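Summary of structural features
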Amino acid sequence: MSETGSRRPTSFDVAERAGVSQSTVSRALAGSPVIAEPTRNKVLQAAEALGYFVDERAARLRRGSTGTIAVVVICRPGESASTINPFAYALLGSVCVAASERGFETLVSFQAREERLFGHYQERGWADGLVVIGTTTNEPAWDYFRKLEAGGRKVVYWGSPYDELEWVRSDNHAAGRLAVEHLLAAGYRNPCFLGALDTPQVQFTERWEGYAAAMRDAGLEPRLVATVNAGSREEEGRRAAQRLVERSDGIDAVFCACDAMALGALDALAAADVSVPGEIGVMGFDDLIAGRFSRPPLTSIGPDPAVAGAALIEAVLGTEEGDNRRRVPVHLIPRASTARG
């Protein structure tokens, strides 16, 4: 029990114990630089002894801030937590860390069903802004969140399928070029791109464009092994790799649009007794942890999730007016799946 009995202590109680004015207590606990450190320490000790804590939420609201950022993870309807793209979890964690470093809490919501979508966190006074990440395959969800950009709301999207929105994306064109440069340097001569171009996943198309430009610069013809819709990205990659083996048209390496597709491709190639990296090199994008333990370990390209998370928080909290569309640099992680020779 505090020294004030059952009554909740106030800043006036802290002021009396510390021998200072109530306004000095308020300034000291708010971190004002005008308060000398000895005085601040005396106030903090008095507050701790009395069990007094500042109502940070009320203080922030008085300053016009909730101190909270909302994060919505868009999922597929019926999808369980275990089947969500692991990169989304890595990005979510990085967003939460970046928000915390800016002094903000995060309010996280996983949403999928059209009738349960919700994004009006600012209007309700629950958050200062909204970050939207997750699958682009849930078109009703993106249609809903797309409309939230209007009306002065602070909303930023990771990998948005709509170019007009305030988005943050990987530098996908650079990734495509980096993939071609790596595969050619490793001794492959006919690398293809494995993925789909006619989907809302704009990032896949951008990786293809970077790949195709690099191939043409090298005097080579871009090759596409198209995926078709399946229950998962792994299954899409598996089926596309099966068709590739059946075609036997000289392709000796594949740059997959994402790691999940690449892992499915590795599975199909192993089932067909095709040697990786000897006969075909395989690489992906995202640098999923699973790729580090595949057989062979998967070469990948990806952004640093910490940098991506920080970019999203900077975009949603940024006070400068202007274009918040920005690219996150990517880097190559070479592993055994492309280590020919």
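Everything quoted here is computed from the prediction, not taken from an experiment. (Residues numbered from 1 in each chain as written. Predicted model: local features only at pLDDT ≥ 70, side-chain atom pairs only at ≥ 80, totals over all residues. Heavy atoms only, no water.)

Bringing unusual backbone geometry into the picture now. The residue after Val276, namely Pro277, is reached through a cis peptide bond having omega 15°. Considering the arrangement of structural elements, one finds Pro277 in the loop between helix H10 (259-271) and strand E9 (281-285). Arg295 connects to Pro296 through a cis peptide bond whose omega is -5°. For Pro296, the location among the structural elements is in the loop between helix H11 (289-292) and strand E10 (299-303). For Asp286, which is not glycine, the phi dihedral falls at a positive 130°. With a relative accessible area of 10%, Asp286 lands in the buried category. Although it is not a glycine, Asp287 adopts a positive phi angle of roughly 55°. Its place among the elements puts Asp287 in the loop between E9 and H11. When its relative accessible area of 18% is taken as the criterion, Asp287 is described as buried. (Helix = DSSP H or I, 4+ residues; strand = E, 2+ residues; numbered from the N terminus. Buried < 20%, exposed > 50% of the residue type's maximum accessible area, 1.4 Å probe, protein only.)

If you check helix H12 (residues 305-317), its first and last C-alpha atoms are 18 Å apart, about what 13 residues at 1.5 Å a residue would give, namely 18 Å. Looking at the buried side of H12, the elements it contacts are strand E1 (68-74), helix H5 (86-101), strand E3 (129-134), strand E4 (155-158), strand E5 (167-170) and strand E11 (326-328). Residue Asp304 occupies the N-cap position of H12, its side-chain oxygen lying 2.8 Å from the main-chain nitrogen of Ala306. (Expected span 1.5 Å × (residues − 1). Contact = heavy atoms within 4.5 Å. Polar contact = N/O pair within 3.5 Å; in protein donor to acceptor, adjacent residues only side chain to side chain.)

The tally for this structure, following the rule as stated, stands at 11 aromatic pairs. Look at Tyr89 and Phe110: their rings are 6.2 Å apart centre to centre, the planes differ by 45°, and that puts the pair in the tilted class. You can see Tyr89 sitting in helix H5 and its partner Phe110 sitting in strand E2 (residues 105-111), a full 21 residues away along the chain. Ring geometry for Tyr121 against Trp126: centres 6.2 Å apart, planes inclined by 55°, an arrangement best described as tilted. For Tyr121, a relative accessible area of 6% translates into the label buried. According to the relative accessible area criterion, Trp126 is partly exposed, its value standing at 36%. Three or more aromatic residues joined by ring pairs make a cluster, and in this case those are Phe193, Trp208, Tyr211 and Phe255. Its guanidinium or amino end placed over the ring of Tyr162, Arg146 lies 3.7 Å from that ring's centre, counting from NZ or CZ. Here the guanidinium or amino end of Arg169 rests over the ring plane of Trp167, the centre of that ring lying 4.1 Å away. (Phe/Tyr/Trp six-rings, centres within 6.5 Å; stacked < 30°, edge-to-face > 60°. Lys NZ or Arg CZ within 6 Å of the ring centre and 35° of its normal.)

On to the sheet that holds strand E7 (residues 224-226), then. On the basis of which strands lie adjacent, the open sheet formed by six strands has the order E7-E6-E8-E9-E10-E12 and mixed pairing. What marks the edges here is a single partner per strand, and that holds for E7 and strand E12 (330-333). The sheet shows a mean angle of 20° between the axes of neighbouring strands, taken without regard to direction. The pairing of strand E6 (residues 191-195) with strand E8 (residues 253-256) spans four bridges and is classified as parallel. If you follow Leu194 over to E8, its bridge partner there is Cys256. (Pairing = 2+ DSSP bridges. Axes fitted to C-alpha atoms, helices over the stretch in contact; angles between N-to-C directions.)

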